[in-house]
Each structure stands twice: as C-alpha cells, then as structure tokens.
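# A closer look at the structure
The residues making up each chain are set out below.
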Amino acid sequence: MFININNFRLFVSLFLCVFFVILPELCLADRKQRIPIGAIFHEYNMEMEMVFRNKLNYINNLYEEPYLLIPNIQTVAKVDSFKAGKIACNITEDGIAAMFGPQNDECAGIVEAICYNLKIPNFQTHWQPKKSTYQDAAKMAIKLYPDAHVLSVAINDILKTMEWKSFTILYEDDDALLRLQEVFLDHKTFDNVITIRQLTGFDYRSLLKEVHESGERQIILDCNIDTTVEVFRQAAEVKMTGEYINYYILNLDTHTLRQELLQHALTNMTIISLIDPNFGEARKHIVDEWTMEMPSLTLTADTIPTELALMYDALDVFYQGLKMTDSLMSLKFEKVDCNPKSSINRYGIDTWTDGEQFYDVLKKVRSDGLSGPIQFDENGYRTDFTLQIMDISDDGFRQIGTWDPTNGVSRTISEEDSLAQYSAALRNKTFKVASRIGEPHLMWKNESAEGNERFEGYAMDLIHEISKIIGFKYEFYLTPDNKYGGLDKKTKKWNGLIKELLERKADLAICDLTITFDRRSAVDFTMPFMTLGISILFRKPVARPPQLFSFMAPLSVEVWLYMALAFLGVAFAVYIIARMCPKDWENPTPQDPNPTELENIWSLPNCIWLSLGTIMCLGCDLLPKGSSTRITVVLWGFFALIVIQSYIANLTAFLTMEKMGDSIKNAEDLAKQTTIKYGTVQGASTANFFRDSNFSVYQKMWSTMESTRPSVFVDGNAEGVKRVLRGQGTYAFLMESTSIEYVTARECELTQIGGKLDSKGYGIAMPVNSPYRTDISGAVLKLQESGKLSTLKTKWWKDMHGGRKCDEDPSSNAKEENANEMGIDNVAGIFIVLVAGTMFAIFILICEVLWNIRTIAVEHKITPTEALKSELRFAFQIFNKEKPAKPYTPSEASSDEDTRSVAASVFRSASSFLRLDNIIEKKDN
Ligand code: GLU
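Within every chain, residues take consecutive numbers counted from 1 along the sequence as written. Local features in this predicted model are restricted to residues of pLDDT 70 or higher, and side-chain atom pairs are both shown and tallied only at a pLDDT of 80 or more, whereas totals for entire chains, interfaces and linings draw on every residue. The basis for the side-chain values is all heavy atoms of the structure; hydrogens and waters are excluded.

By nearness alone, every residue bordering the ligand is listed as Y484, D512, L513, T514, R519, A684, S685, T686, E736 and Y762. One of the backbone nitrogen or oxygen atoms of D512 is found 2.6 Å away from a nitrogen atom of the ligand. Within the contact set of the ligand, an oxygen atom lies 2.8 Å away from a backbone nitrogen or oxygen of S685. Areas reported as accessible are Shrake-Rupley estimates using a 1.4 Å probe. Residue values count occlusion only from the protein chains shown. Computed on the free molecule, the ligand has an accessible area of 290 Å², of which 100% lies beneath the protein chains in the complex. Each residue gets one label: Ala, Val, Leu, Ile, Met, Phe, Trp, Tyr, Cys and Pro are nonpolar, Asp, Glu, Lys and Arg are charged, and the others, such as Gly, are polar. Of the residues assigned to the shell around the ligand, the class counts are 4 nonpolar, 3 polar and 3 charged. The rule for a residue being near a molecule or strand is that one of its heavy atoms must lie within 4 Å of it. What qualifies as a polar contact is a pair of N or O atoms within 3.5 Å, subject to a donor-acceptor requirement within protein and to the restriction that residues adjacent in sequence count only when both atoms come from side chains.

Structure, rendered in structure tokens:
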C-alpha cells in the first residue's frame, strides 16, 4: 500500500496533538473538582460577560489548580427585576457555589434576597446607595463596589484638601446626594456656600451659563459617564472650561474618558478612581487578552471601566476563597428550591448547607486586584479600599494622590510640581490682556495698525518684561466700555476690566487698576507693581490781578462809611463842645487883661481839620483847651489809632493773599467750602473710597459730590484733568497720586494739593484661582528688585511725551522768585488817589484865585485882568515872601517896565536865594 508522505505527516501531527494536548486536558479536567457558579449580566453588556469568561478560562486553565469552574451565565434586561428573580431561581436550583451580578439595584435586590434565602454567596459589583433593605440579606452578599458611606467620607476628605470656599454641585440623579452626604454634613455650618443644581434633559448650556454668570468657578460634577462627556462639550461652548475652572468629578469611571477630556486638559479636573493609573505589565497583558478576544473593546490598561475591573476581581476573590476552603472544608453542591418556605419544596432542602461557612471564608479574602487592594468587613462590604486621586495634563490622567480609610489623603505630587506643570503650560499660551486707554499706562500709537502695534505705554512695557521672564505671548485689547471695573450693588454685576476677566474673555487685565477689597473677591491680583494714594489735582494758585483800589479792601464799605460818619460826627461834636466849653473862648489880645470880646478858634472847618489831622496822623497846630473838648479829641485819637493799626494789618494780609491765591490746602478745606466743586472718576476706586469711608469729612465730601448738579463725576482721568483746566480754579479733581504726578509734569498750571488720603497699589488682575498668578507675581517682584519697574516709570512719567516740560518752564520759576515783591499794580490805586486829590486841590485853588481876583477888582476898582496880572506878578516871585496888601496897577508902570520889573523881581528873588542881593542892589543904584 502506498502511503502519501503528506498524509502521513498530518496523521502524526493529529496523533501528537491528541496525545499530548487534548488527552491530558481531558484527564486533568476529569481530575479537577467541578464548581458550578451562576452569573446574571445585563443584556448587551457583552464586555462584562467577556471579561467574566476570560477570567474563568484563565482560572480553569491553570494547570496546577484543582478546580474547574462551570458557569451558568444568563442575561436579563436592566429593568426586568421579575425576570432576574426567575433566572436566579433557575440557576440556584441546580446548586451553585456563588452567584455573580446582576449589575443594577433593581435586579440586584431580588437576586440578593434569593441568594440570602438559599445561603448562596452573591458577588455584587455595582454602586449601592444604601445598605440593603433586607437587613440580614447583606450577610450573604460580597460587595466589591466601595461602601457608600466610606466613599462619601473619601469624597469629603478629598474636597477638604482643595480648600474650596464655595462650590456648585451639578448632579444627575438622586443617588449623587447620598454620595455627597458627608459633604453636606461637614458643611452644615454654612461656612461655605454650596449651590446644588440638577442636570436635567440634554441641554445643560443654560444651567452652565447661569453657574458661569454667578461667578462660580468650583464645580462638583456627579453624573453618568455619557453625561460627563456632554457636560464638558457644552461647558466649553459657554466658556466653563479652561484653566480658571475647577471640576471635581465623582464618577469612578471618569478615567475611561481620557480621549474625550484631553481636549479640556487646561481645565483643572480632579477625578477619583479605583484604577491605579500606574499599571504594570500584568495588567497590560490582561487588557491585551481582552482586546484580542473582543476587538471592539477599545481599552488600555489605565482605562479599564470600574465595573469590569470589579467583576474580574470578584471572580478572583471567589477563586481565592475557594482555595482557602480547601484546607477547611470540601464543598458539596445540592439542588435547592428557590422558594424553600413554599408548601411544595421539590428537593426538601431549604438552604445550601455549606453556604454560610463558605461565605465566611470569602469575607476573609484579602487580594490585590485590578481595582486595588480588596478587603471586606464582617458584612461583606468593601470598606477598605484605595481611591486614586488624579488630575489631567496633556499626557492624560496623572496620579496626584491617594485616599484610604487609614491615612486619608496622601499627595504623591507636591503642589510645586503641579505649579511647575502650569508654568510649562504658560510657555505655549497667548494671553489675552484686557486694558483701557489712559495715559501713560496705555495710549494709542498707531490706530490703523494691527494687534499690539496699535498701543504703547507703561502697561504694555510691563507685560512685555513679564513675558520675557516667563515666556508667554500676549495680545492686548480694549474693554468695550472703557471702564476699570465697578460692581453694581443692585444687579451684583461687574463692568469694565473685571467683567472681561469674569467672562473669561481676558486672561489678564492691566492698566492703572487699583487693588480693592471688592475686586479681590471677584478676581485675583498679582502683587502691586506701583503704590499710590488719593490726592487732589487743582490749578496752581494764580495771583489775582491786583485791583486799583485794593487799598480799600482791608475795610468793608460799611466800615468806610461808618468811619466817614464818625469823622464828621466827631468834627461836629468838637465844634459844639468847643463853642460851649468856656476854656475854648480866649482873649484875642493877651496884653489886654480885660478884653471886651472873647474869641473861639473852633470854627467848623477847624474842627474838621482837627479830626482829619488826628485820623491821618498829621497832628494839628490848633489844639483845644477845654477838658471836654480834649477828651473828645483824645477818644477820637484812640479810635483812629485802632482803626489805622487794623487797617495796616489787614492790608498786609490782603496783599499776601493776592499772591498766594486760594487757600485750599487739603481735603478738609475742600469739604468746608462750596465754591470749588470737586469730583472723581465715576464708579472707580477713588469714588468708592469716598462712598465707603466712615470718616466724616470724606462722607461729607461724598454726599456733596453726589448731590452736586451738573455731575462732578467724569469718565476718566483725562476728562477730569480737562475739567480742572477749564474750571479755572472752580473744579478740583480727586485723583490717584501717580496720575497726578504724570499730569502735573506736563500741565504746568496744575498741581497736587495736600498729601495722600490713603495708600494702595496697582496690580495685574486675573481670574480667581489663576494657576499663573504665582509666576506672574514672581516676575513682578523680580522686575521690582532689578529696578526695572522704576526705569519703566521714569521712561513713561518723565522721558516720554514731554514729561520734563514743567521742570524747564522758566515763567513758573520767575514767578516764584518774585513772589515776595509788591508791583506797581498793587499800589497804583494810592497813586491815583494822590493825583486825583492834587488835581482837586488845583481846582479849588483856581476857584479861590478867581474869587480873590474878583474881590480885588471890586475893592480897588480895577479890571479883573489887572487884578490877575497883579496876583500873578507876586505869585511868580517865588522867592519873595512878601506881597503888598494893595494890588499893583498899570498906572504905576508902563507895560515894558512891568515886564522888566517882573523879570527883575524874579531875578532878585533868585539872586537873594543865591546870596547875590548886595551885588544887585549896588548895580541898581
Ligand atoms: N485706578 C482707579 C481704579 O482702578 C481709577 C481711577 C480713580 O478712581 O481715581 O478704579
């Protein structure tokens, strides 16, 4: 017979296979103890069943192990608890060592009760919000999912390490509230604000937006895994993701969302899981096997879903328990009736005889599974477990700590390392920097340019310097409302730069933005880069144009009038008194002791002359003799003394005041008066300083400012400065000292009045909990220490845009130098009075002369011209002290002679003055 060599080879291979592989297997299987087990999985939960079978095969294939696990695996709809009960009965009736599943509360409850009745251990792997309602039933259950109460404690312990002052809980179903019960109990003192919102429907945007608008940045999220993905997708749309938002996600399966959450890697997420992200080779191998068996299962060793891991571990615990019974007992399996108390008990056995003993052994199993260390309490609850605490980075989830009941939270990554991660993230980031136009912090450089090229200023330079230290890019933009950031107390809404930060439109806000308590509660600030205080911007005191009759100013018009009255009154009183006073009637011829008539020199003109002489300090050649007249004159002298001294004192003060201008020296002076209006930037920190101040002067100033119409508030410093300039000393602007310094260096007629009313600083603002704050603050500190901040200040305050203008203003210096001299303007009025008085005297003289000429002409029967000539003839003989009583007439000399005679007499007078009298006399003779 011919044998084909190929057929022969095939035959030999088959023989070897049967002999060495299948036969030993069969023999071994026969040798192994058959252990029936039951499992109920949900329909469509293929992964769970696959994992179960995989582990089962693994155990059964262990050559040296004496057990062969024979599974009875059934599936049931999630909500069909009735069918689940029936299936459980069918499985248990055949006699099993343990029941696995099902995986939800509805179906698990009935299966748990059946297992309890029949004393069959029941492995459960799902979350159970509360202890079993069948108090004793739990005693046959082995619960691999962490105990609800201990999990709640863990959640709270981890939350406490985050030190959140307030947070919002977003939950999906009511079970979440049980997971959070410890959190609620711990916060019952209402130290912290907790907001609880339920996620309903499919569109969470409006809810997330509301949370966003409330300013909440700390969120505890408790929802199922699909909802988590959706929440993050929608949160990104409403800007509720990013580095300033913190999420604490309670779903233990969040680690499976590596791919989905990676795109939100900048968001601060804290997640908890039973699965250690630092997997070993063994775990990788297990997952490889799973994915080989089920290619649709896209898993990695660190993204194993919790329940899969728990089912895997459940089988492991069962198997460990089985091995432990080996030395203690041998298990016998009997058919048991599912309804042992019913009248028809088909098998006559109520419970599995070895069940309770086996259950006790199972509870003692200690194992290290995919879900970490496993240990049960005496009721079969997993109260001792380790939670992995993770955050997300560009590489996926990263373990930052662990929690276990004994040690609580232990960090595996220091805070510094976490911050270092953010510092690294900074390098790739382009910061959106919100600002507003305001000299010298940000000014237009080229409005038609693009991006940062449009602006220049101190703020730009500062951010540039910081970016050089840290290494980030930046892009400046202006706030739409050009406001700093004020809180509307009614609507609780912010405007300006603060609003931009709260809405996450900006990462940083910089300008002359003052660090205030209110703002600090809404945003974070770096350390101050400039310190300042509120002060007053006002016009420099301008010397008022001296008034012509300013010598009258020291006394009011009334006083002048009363003085004139008093003067006339005194003159008249002296006149009356002197007429009556006997001593003032004198003998006109002293050589005649018995005169027939007495004379009184106190005519009214003389009395007026006396009063005038006294008050003008002229003294008087006529003096009264009577005591009463003297008393009157002395009192008038006393009156004159006081009035004149007061006048001189007041005149000095008036002249000084004219030079110094207005007497506003500080805020108190402003508060005291009403002529000069004063205001601030509307709704900014200076206005708020006055609004919130408890100091009475500032309170008064605030109410004055509020009630003044038209409004004294302005939109920005530039407008305030313009108003001071235009106001010509009628408007003062309460402004920050650094801005005053900038303005007064350029507007030479403006100055700072008084010192600073407070002390504060400008800071760079950023959203609360910004991970970049430490870095940016550090950079500001470095710039300060290196002197860069003061260099920048000198550049923008002094060197740029005419900052030294007022240092060089010669007119202001000259004015100051001459400040103490009195100009002609100050005394012009007195000159005018003098000239006017003299003119008046000349006028009177002319009248007197004319009258005299008339009198002479009538008396001596000459013409008025002759009388005038005669008078002039002697008037011009200025050195001639004598004049004939009779007038000189033309009949006495020809007109030539007249002329000669006039000339001669003029010459004579001059000669006599020069002591040449004798020479002339001789020549004449
Ligand atoms: N720096 C102020 C602020 O941040 C604005 C100017 C002011 O109030 O004087 O509100």
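Below, the discussion takes up the packing of aromatic side chains. Two aromatic rings, drawn from Phe, Tyr or Trp (for Trp, its six-membered ring), form a pair once their centres lie within 6.5 Å of each other, and the interplanar angle then sorts them: stacked below 30 degrees, edge-to-face above 60, tilted otherwise. For the structure on display, the rule yields 30 aromatic pairs. Judged by centre distance (5.2 Å) and plane angle (65°), the rings of F52 and F100 are edge-to-face. Of this pair, F52 sits in helix α2 (residues 46-60) while F100 sits in strand β3 (residues 99-100), placing them 48 residues apart in sequence. Per-residue accessibility, obtained with a 1.4 Å probe over protein chains only, is compared with the maximum for each type, and a residue is labelled buried under 20%, exposed over 50%, and partly exposed between these values. Taking the relative accessible area as the measure of exposure, F52 reaches 1% and is therefore buried. Per the convention used, a helix needs a DSSP run of H or I reaching at least four residues, while a strand needs a run of E reaching at least two, with both numbered from the N terminus.

What sets the pattern is the α-helix's 3.6 residues per turn: residues three or four places apart point alike. Here the expected span of a helix is defined as 1.5 Å times the quantity of residues minus one. Over its 13 residues, helix α26 (residues 773-785) runs 18 Å from end to end, which matches the ideal 18 Å to within 8%, given 1.5 Å per residue. Here α26 has its buried residues at I776, S777, A779, V780 and L783. Seen end-on, α26 carries its buried residues on one side only, within an arc spanning 155°. Structural note: α26 exposes T774 and E785 on the side pointing more than 90 degrees away from its buried face. In what follows, a contact means two residues having at least one pair of non-hydrogen atoms within 4.5 Å. Residues of α26 that are buried make contact with α15 (458-470), β22 (508-509), β32 (765-767) and α27 (788-799). At the exit of α26 stands G787, carrying a positive phi of roughly 85°. This arc describes the spread of directions from the helix axis toward the C-beta atoms.

Among the 6 residues that make up strand β6 (residues 166-171), 5 are buried, leaving the element largely enclosed by the rest of the structure. The sheet contact formed by β6 and strand β7 (residues 193-198) spans 6 bridges and is parallel. Of the residues in β7, the one forming a bridge with F167 is I194. At least two DSSP bridges between two strands are needed for those strands to be called paired.

What follows is about the packing of helix α22 (residues 685-692) against helix α23 (residues 696-707). Comment: axis = line fitted to C-alpha atoms, over the contacting stretch for helices; angle = value between 0 and 180 degrees taken between N-to-C directions. Contact geometry of α22 with α23 gives a least axis separation of 7 Å together with a crossing angle of 115°. Remark: the crossing between α22 and α23 carries left-handed chirality. Touching A687, F689, F690 and R691 of α22 are Y698, M701, W702 and M705, all from α23. The class makeup of the residues in the contact of α22 with α23 is 7 nonpolar, no polar and 1 charged. Two helices crossing with the near one rotated counterclockwise from the far one by less than a right angle form a left-handed crossing, whereas a clockwise rotation gives a right-handed crossing.

Moving on, we get to the confidence of the model for the protein. For every residue, the predictor reports its confidence as pLDDT, a number between 0 and 100. Taken as a whole, the protein shows an average pLDDT of 85; of its residues, 85% reach a score of 70 or greater. Ranking the elements of the protein by mean pLDDT puts helix α32 (residues 917-924) last with 45 and strand β31 (residues 760-762) first with 97. Predicted confidence is poor over residues 813-817, with pLDDT under 50, and the contacts of this stretch with residues over four places away or in other chains come to 0 contacts. This model gives residues 909-925 a pLDDT under 50, and the stretch forms 12 contacts once residues within four places in sequence are excluded.

On to the state of the cysteines, then. Any pair of cysteine sulfurs within 2.5 Å is marked as a disulfide. Taken as a whole and judged by the stated rule, the model has 1 disulfide. A sulfur-sulfur separation of 2.1 Å characterises the disulfide bridge that pairs C748 with C806. Taking the torsion about the S-S bond as the criterion, the C748 to C806 disulfide, at about -95°, is left-handed. Residue C748 is found in the loop between α25 (737-744) and β30 (750-753), and its partner C806 is found in the loop between α27 and α28 (810-817); the two are separated by 58 residues along the sequence. Accessibility expressed as a relative area gives 9% for C748, which makes it buried. Of the residues examined, C806 reaches a relative accessible area of 15% and is grouped as buried.

Another aspect to go through is the sheet that holds strand β5 (residues 141-143). Sheets are built from strands that pair by backbone hydrogen bonding, the pairs being arranged parallel or antiparallel. Strand order in the open sheet made by the 5 strands is β2-β1-β3-β4-β5, with parallel pairing throughout. Whereas interior strands pair on both sides, the edge strands pair on one side only; in this sheet they are β2 (67-76) and β5. Inspection of the sheet shows strand β4 (residues 122-124) paired to β5 by 3 bridges, in the parallel sense. Bridging from a neighbouring strand, Q124 pairs with K143 of β5. Along the sheet, α2 contacts β1 (33-42), β2 and β3; its crossing angle with β2, the most-contacted strand, is approximately 170°.

Moving on to the pattern of salt bridges. Here, a salt bridge means any Lys or Arg side-chain nitrogen found within 4 Å of an Asp or Glu carboxyl oxygen. Per the counting criterion, the structure on display carries 31 salt bridges. For R197, the salt bridge is made with E210, and the minimal N-O distance between the two is 3.0 Å. Taken together, the residues R197 in strand β7 and E210 in helix α8 (residues 205-213) connect sequence positions 13 residues apart. For R197, a relative accessible area of 27% puts it in the partly exposed group.

Attention shifts here to the packing of α15 against α27. Interaxial distance between α15 and α27 falls to 10 Å at its minimum, and their mutual angle equals 155°. The angle between the axes of α15 and α27 places the two elements in the roughly antiparallel class. Considering how the two elements wind past one another, α15 and α27 form a crossing that is right-handed. The residues of α27 that touch α15, namely those facing Y458, D461, L462 and E465, are K788, L789, L792, K793, K795, W796 and W797. Note on terminology: angles under 35 degrees are roughly parallel, angles over 145 are roughly antiparallel, angles of 65 to 115 are roughly perpendicular, and the others are oblique.

Moving on, we get to the side chain of D758. If you trace the backbone, D758 turns up in the loop between β30 and β31. For D758, a relative accessible area of 17% translates into the label buried. Within the structure, the side chain of D758 is placed 2.7 Å from the backbone nitrogen of I534, a separation counted as a polar contact. Polar side-chain contacts of D758 include one of 3.0 Å to the side chain of K760. If near-sequence neighbours (up to four positions away) are discounted, D758 is found in contact with L532, G533, I534 and F689.

What follows is about a nonpolar patch on the surface. Nonpolar side chains (Val, Leu, Ile, Met, Phe, Trp, Tyr) are joined into patches within 5 Å and like charges within 9 Å, using only residues with over 30% relative accessible area and no salt bridge. On the surface, L548, F549, M552, I832 and V833 cluster together into a nonpolar patch covering about 410 Å² of accessible area. Relative to the helices and strands, V833 is located in helix α29 (residues 824-860). Residue V833 is classed as partly exposed on the basis of its relative accessible area, which comes to 44%.

Another point: the sheet that holds strand β15 (residues 408-411). The strand order across the open sheet built from 8 strands is β7-β6-β8-β9-β10-β13-β14-β15, with neighbouring strands paired in mixed fashion. Only two strands of the sheet have a single partner each, and these edge strands are β7 and β15. Pairwise comparison of adjacent strand axes, ignoring direction, gives a mean angle of 25° for this sheet. In the sheet, strand β10 (residues 268-273) pairs with strand β13 (residues 387-393) via 4 bridges, with the strands oriented antiparallel. Considered in β13, the bridge of T270 is made with D391.

Here the focus is unusual backbone geometry. Note that the residue after G101, namely P102, is joined by a cis bond; omega there is -5°. Considering the arrangement of structural elements, one finds P102 in the loop between β3 and α4 (105-118). Look at the link from R709 to P710: it is a cis peptide, with omega at -5°. By the element assignment, P710 lies in the loop between α23 and α24 (717-727).

Once that is clear, we can look at the nonpolar core. Most often, soluble globular proteins have nonpolar side chains that are buried together. In plain words, nonpolar cores are sets of buried Ala, Val, Leu, Ile, Met, Phe, Trp, Tyr and Cys residues tied together by side-chain atoms within 4.5 Å. The biggest cluster of nonpolar side chains holds 96 residues, and the ones touching the most others in it are F100, W290 and F318. For this core, the element with the highest residue contribution is helix α12 (residues 306-328), accounting for 11 residues. Dropping the residues within four chain positions of it, W290 is found in contact with M50, V51, N54, L297, L299, I304, L308, Y312 and L370. Counting residues in hydrophobic clusters, the runner-up holds 86 residues, among them F455, Y474, F529 and Y731.

Relative to strand β19 (residues 473-478), strand β16 (residues 430-435) runs parallel, the two being bridged by 6 bridges. Note that in β19 the partner of F431 across the bridge is Y474. Sheet analysis places β16 next to β22, joined by 2 bridges and oriented parallel. Within β22, the residue paired with V433 across the bridge is L508.

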